[in-house]
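Here is how the chains run, residue by residue.
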Amino acid sequence: MSGRVLVGVKRVIDYAVKIRVKPDNSSVVTDGVKHSMNPFCEIAVEEAVKMKEKKFIKEVVVVSCGPQQAQETIRTALAMGADRGIHVDVTGKDYDNLGPLQVSKIMAALAKKEEAQLVILGKQAIDDDCNQTGQMTAALLDWPQGTFASEVTLEGDKMKVVREIDGGLETIKINTPAVITADLRLNTPRYATLPNIMKAKKKKIDKVKPADLGVDITSRLEVLRVDEPPHREAGVKLETVADLVDKLKEAGTI
Amino acid sequence: MMREAVKKYAHERIAPFVSKMDEHSAMEEEVLKSLFEQGLMGIEIDPEYNGTGSSFFSSILVIEELAKVDPSVAVLCDIQNTLINTLFAKLGTAAQKEQYLSRLSTDMIGSFCLSEAESGSDAFSLKTRAEKHKDYYVINGSKMWISNAEHAGVFLVMANVDPSAGYRGITCFIVDRDTEGLEICKKENKLGLRASSTCPLNLDNVKVPEKNILGEIGQGYKYAIGMLNEGRIGIAAQMLGLAQGCFDHTIPYTRQRMQFGKRIFDFQGMQHQIAHVATQIEAGRLLTYNAARLKEAGRPFIKEACMAKYFTAEVASLTTSKCIEWMGGVGFTKDYPIEKYYRDCKIGTIYEGTTNIQLSTIAKFIDQEYDH
């Protein structure tokens, strides 16, 4: 198997930032807040670059959907070793309403257009935690999927995927082309070294619109309200196990 | 993006070792290795020699970010990039560049040897002597306060080939670490910047071939001044990062610590002090970046570089001193990183040109400016 891998990367609020809900409860505050590449997307990029280094594939193409700032995320992937980028331009209200269904339609269209042999995505984004885009993309393409991958091996024109599931680990063999979604233990993403950042400046990023790909990005969902989780109440410190048993009995839990 | 990458790297790969390196007065091998891996030791070196191929300004940003986490690591990176690499890149013959630049960007550290026990600010009165014999020189003397010496693979030694010519005899020699007669003595036990090795050097009949002269004979004094003018901006970046790093550790504490029913940050006395320090840091930043830009644009920059180094060293002193006060008792303990910044900053007013030297140089330029 040699050819092109498509990797989707999402620009999300940085994991270390303290999230605040807007006063009108419509969404979270994003203005002036630090953003970075979704950690699972970093793992996806790393896996693709490793495959290229092992000469299993020829080209890593990185895709991100969003406003102009999405290009920063693409550049980071280029600095990690991706070859070129595609920025799907989605702005304003369209961007606010962009969800897994629309993104997977875009990914499917690009996978066909770029004749990709493999699509690698992060298992989920840390902002909406949807965990749907990979699965939907595979369904739209009618391709096999290896989700929650903690190990991926190419065996001829098939792929062996070790998946992290509730009961432990499941190993499956799937045909290619396929969609893989990266889980935490798949790899440890490399740092973008300064020489690679310099090289990334010269790599190409193409800009397209969803309409150019024949994709309708109207949302079928409407977010009604966003609230903060309830504040955690203070706990009670107890002296002895007997006290604990009493308290639990009081609360009716035993 | 470069700044972000270095910030992330420094936070994840250097921060965990800072305390240990300070206590043991030793640079961690892992840190040295990763600095090279990240391309931080050859920032301006051409990719032809495995360098990063970036600009002087990038070096300044890198040094600033590293200094926020550990000024000792920053100075290692600063000396390599602004002094050693630049000297080789500007003055090296094709053969010298071939031999050294690739190593300097991938795994070899360099040391710059000018100061001696009897000559610091009065650098050109150095006594290390290089005697010519046919096609080689024999160097005798000793150097002091040599940074990076513990790990350096190559030493740029300033020695005088003709004391009767005064400073016009000073010549720059490339001396490899394993050269017979070169002794790297025990490192100093310092107040601050402890992870950065600072050693005396003894040169006892060190034989150096003629081809190891960097640049031209008798021009060493010029090279030294030239490089130190640039290195000055690097040190300014280090002091700037130091001040900012210390400040960044302190403010969260002032926002959490409650006394008399409110955050200590909310007391007007505190707010005024904090705002004053923040403004000083910002001013130092602008002086540093401006000096860097002037240098990159090929414009005169020496006065501005002196101002940047002098000012940021003072700001670092002020900031670290205030930060300890704002942290109260905990600022005084080694459990918190603040006291280390306080100890580290003092050298800023001393090395690579003392504050008094900087001020005299600035005055000299002002005098010239009003000549017509």
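Treat the numbers as computed from the prediction; the structure is a model and nothing was measured.

Q: I'm lost on a nonpolar patch on the surface in this one. Help?
A: On the surface, a cluster of nonpolar side chains totalling about 610 Å² of accessible area is made up of Val236, Leu238, Val241, Leu244, Val245, Leu248 and Ile254 of chain A. Tracing the backbone through its elements, the reader meets Leu238 of chain A in the loop between strand S11 (205–208) and helix H7 (241–250).

Q: Honestly, empty space enclosed by the protein in this entry has me stumped. Any pointers?
A: Sizing a probe to match a water molecule and rolling it over the atoms shows the empty space that remains. Residues and elements named next belong to chain B. One pass over the full model with this rule turns up 1 cavity of 30 Å³ or more. By volume, the largest cavity is sized at about 50 Å³. Along its surface, the largest cavity is lined by Met27, Leu32, Leu76, Ile109, Asn148, His151, Ala195, Ser196 and Ser197. Counted by class, the lining of the largest cavity contains 5 nonpolar, 4 polar and no charged residues. Residues lining the lining of the largest cavity come from more than one domain, with at least three contributed by each of domain 1 (1–109) and domain 2 (111–218).

Q: Could you clarify how one ought to interpret the nonpolar core in this entry?
A: The biggest cluster of nonpolar side chains holds 155 residues, and the ones touching the most others in it are Leu66, Phe112 and Phe173 of chain B. Not counting chain neighbours up to four residues away, the residues in contact with Phe173 of chain B comprise Ala130, Tyr137, Ile139, Phe155, Leu156, Val157, Ala159, Val161, Val208, Asn212 and Ile213 of chain B. Judged by nonpolar contacts, the second largest core, of 26 residues, contains Val90, Val119, Leu141 and Val179 of chain A.

Q: It is not clear to me how the sheet that holds strand S10 (residues 178–182) of chain A should be interpreted in this structure. Could you clarify?
A: Adjacent strands of a sheet form backbone hydrogen bonds with each other and so pair up, either parallel or antiparallel. Residues and elements named next belong to chain A. Within the open sheet, the 9 strands sit side by side as S9-S8-S7-S10-S6-S1-S4-S5-S11. Their pairing is mixed. Taken across any chain shown, the strands that pair with only one partner, and hence form the sheet edges, are strand S9 (168–175) and S11. Strand-to-strand twist of the sheet, defined as the mean angle between neighbouring strand axes without regard to direction, takes the value 30°. Against the sheet, helix H1 (residues 39–53) makes contact with strand S1 (4–8), strand S4 (59–66), strand S6 (118–122), strand S7 (145–155), strand S8 (158–165) and S10, and its axis sits at roughly 145° relative to S6, the strand it touches most. The strands touched by helix H2 (residues 70–80) are S4, strand S5 (84–89) and S11; relative to S5, the strand with the most contacts, the crossing angle is about 165°.

Q: How should helix H3 (residues 29–37) of chain B be read in this particular structure?
A: All names here are of chain B. Regarding H3, the residues found buried are Val31, Leu32, Ser34, Leu35 and Phe36. Looking at the buried side of H3, the elements it contacts are helix H1 (2–14), helix H2 (18–24), helix H4 (56–69), helix H5 (71–91), helix H6 (94–106) and strand S1 (109–113). Directly beyond the C-terminal end of H3, a positive phi value near 80° is found at Gly39.

Q: Quick question: what am I supposed to make of the UniProt feature "domain: Acyl-CoA oxidase/dehydrogenase middle" (unreviewed entry) in chain B here?
A: The UniProt entry lists residues 111–206 of chain B under the feature "domain: Acyl-CoA oxidase/dehydrogenase middle" (unreviewed entry), expressed in the numbering used here. Spanning residues 111–206 of chain B, this segment combines 0% helix with 50% strand, and its end C-alpha atoms are found 17 Å apart.

Q: What am I meant to see in the UniProt feature "domain: Electron transfer flavoprotein alpha/beta-subunit N-terminal" (unreviewed entry) in chain A here?
A: Residues annotated by UniProt as "domain: Electron transfer flavoprotein alpha/beta-subunit N-terminal" (unreviewed entry) correspond here to residues 25–217 of chain A. Taken end to end, residues 25–217 of chain A has its terminal C-alpha atoms 24 Å apart, with 32% of it in helix and 30% in strand.

Q: What am I meant to see in the packing of aromatic side chains here?
A: The geometry of an aromatic ring pair is captured by two quantities: the separation of the ring centres and the angle between the planes. Residues and elements named next belong to chain B. Scanning the model with the defined rule gives 9 aromatic pairs over all chains in all. Clustering of aromatic rings is evident, with ring pairs tying together Phe124, Tyr167 and Tyr221. Between the NZ or CZ atom of Lys262 and the centre of the ring of Phe267, over which it lies, the distance is 4.6 Å. Looking at Lys295, its charged tip hangs above the ring of Phe56, at a distance of 4.3 Å from the centre.

Q: Looking at this structure, I do not really get the packing of H1 of chain B against H4 of chain B. What am I missing?
A: The relative placement of two packed helices is expressed as an angle between their axes plus a distance between the axes. All names here are of chain B. The contact between H1 and H4 brings their axes to 9 Å, and the two run at 30°. Our classification of the angle between H1 and H4 gives roughly parallel. The two elements H1 and H4 meet at a crossing, and its hand is right-handed. For the pair H1 and H4, the contacting residues are Met2, Arg3, Val6, Lys7, Tyr9, Ala10, His11 and Ile14 in the first and Ser58, Leu61, Val62, Glu64, Glu65, Leu66, Lys68 and Val69 in the second.

Q: Looking at this model, I keep getting lost on the environment of Glu30 of chain B. Mind explaining?
A: Residues and elements named next belong to chain B. You can see Glu30 is positioned in helix H3. The exposure class of Glu30 is partly exposed, given its relative accessible area of 31%. Remark: the alpha-carbon pair of Glu30 and Glu188, spanning 158 residues in sequence, is separated by 22 Å. With residues near it in sequence (within four places) discarded, Glu30 still touches Arg13 and Phe17.

Q: Hey, could you run me through the pattern of salt bridges in this one?
A: Where charged atoms of side chains with opposite charge meet at close range, the side chains can pair. Overall, the coordinates contain 43 salt bridges over all chains when judged by the stated rule. Among the salt bridges present, the one from Arg225 of chain A reaches Asp227 of chain A, with a minimum N-O distance of 2.8 Å. Here Arg225 of chain A falls in the exposed class, since its relative accessible area comes to 53%. The partner of Arg285 of chain B in a salt bridge is Glu64 of chain B, with the nearest N and O atoms 3.1 Å apart.

Q: What is the right way to read the interface of chain A and chain B from this model?
A: Often, the extent of an interface is quoted as the loss of accessible area upon association of its parts. Listed by partner, the interface residues are 12 residues for chain A and 18 residues for chain B. On the chain A side of the contact with chain B, Tyr191, Leu194 and Met198 of chain A bury the most area, a combined 55% of that side's loss. Linking chain A with chain B are 2 salt bridges. For the salt bridge of Lys34 of chain A with Glu4 of chain B, the shortest nitrogen-to-oxygen distance reads 3.6 Å. Summed over the shared surface of chain A and chain B, the result is 2 residue pairs in polar contact (both at pLDDT 80 or more). Where the side of chain A that touches chain B is concerned, the elements lending two or more residues are H2 and helix H6 (194–200) of chain A. Looking at which element gives the most residues to the side of chain A that touches chain B, the answer is H6 of chain A, with 4 residues. By residue class, the composition of the side of chain A that touches chain B is 7 nonpolar, 2 polar and 3 charged.

Q: Can you help me understand a negative patch on the surface in this one?
A: Negative charge collects at one region of the surface, where Glu239, Asp243, Asp246 and Glu250 of chain A lie side by side. Position of Glu239 of chain A among the secondary structure elements: in the loop between S11 and H7.

Q: It is not clear to me how the packing of H4 of chain B against H5 of chain B should be interpreted in this structure. Could you clarify?
A: All names here are of chain B. Where H4 contacts H5, the axes come no closer than 7 Å and their chain directions differ by 160°. Here H5 runs roughly antiparallel to H4, going by the angle between their axes. For the crossing formed where H4 meets H5, the hand is right-handed. In this structure, H4 contributes Phe56, Ser59, Val62, Ile63, Leu66, Ala67 and Val69 to the contact, and H5 contributes Pro71, Ala74, Cys77, Asp78, Asn81 and Thr82.

Reading guide: rules and limits
Residues numbered from 1 in each chain as written. Chains lettered and ligands numbered in written order. Predicted model: local features only at pLDDT ≥ 70, side-chain atom pairs only at ≥ 80, totals over all residues. Heavy atoms only, no water. Patch = residues over 30% accessible without salt bridge, like charges linked within 9 Å, V, L, I, M, F, W, Y side chains within 5 Å. Areas by Shrake-Rupley, 256 points an atom, 1.4 Å probe, with all protein chains shown as cover. Salt bridge = Lys/Arg side-chain N within 4 Å of Asp/Glu carboxyl O. Helix = DSSP H or I, 4+ residues; strand = E, 2+ residues; numbered from the N terminus. 1 Å grid on protein atoms, 1.4 Å probe; cavity = no way out; pocket = protein on both sides within 12 Å on 5 of 7 lines; lining within 4 Å. Points joined across faces, edges and corners; volume = space filled by probe spheres on them. Nonpolar A, V, L, I, M, F, W, Y, C, P; charged D, E, K, R; others polar. Domains from an automatic or database assignment. Core = buried A, V, L, I, M, F, W, Y, C linked by side-chain atoms within 4.5 Å. Buried < 20%, exposed > 50% of the residue type's maximum accessible area, 1.4 Å probe, protein only. Contact = heavy atoms within 4.5 Å. Pairing = 2+ DSSP bridges. Axes fitted to C-alpha atoms, helices over the stretch in contact; angles between N-to-C directions. UniProt positions renumbered as here; feature names shortened; annotations may be inferred. Phe/Tyr/Trp six-rings, centres within 6.5 Å; stacked < 30°, edge-to-face > 60°. Lys NZ or Arg CZ within 6 Å of the ring centre and 35° of its normal. Parallel < 35°, antiparallel > 145°, perpendicular 65-115°, else oblique. Left-handed = near helix turned anticlockwise from the far one by under 90°. Buried area = accessible area lost by both parts, 1.4 Å probe. Polar contact = N/O pair within 3.5 Å; in protein donor to acceptor, adjacent residues only side chain to side chain. Lys, Arg positive; Asp, Glu negative; His and termini not counted. Charge placed at Lys NZ, Arg CZ, Asp CG, Glu CD.

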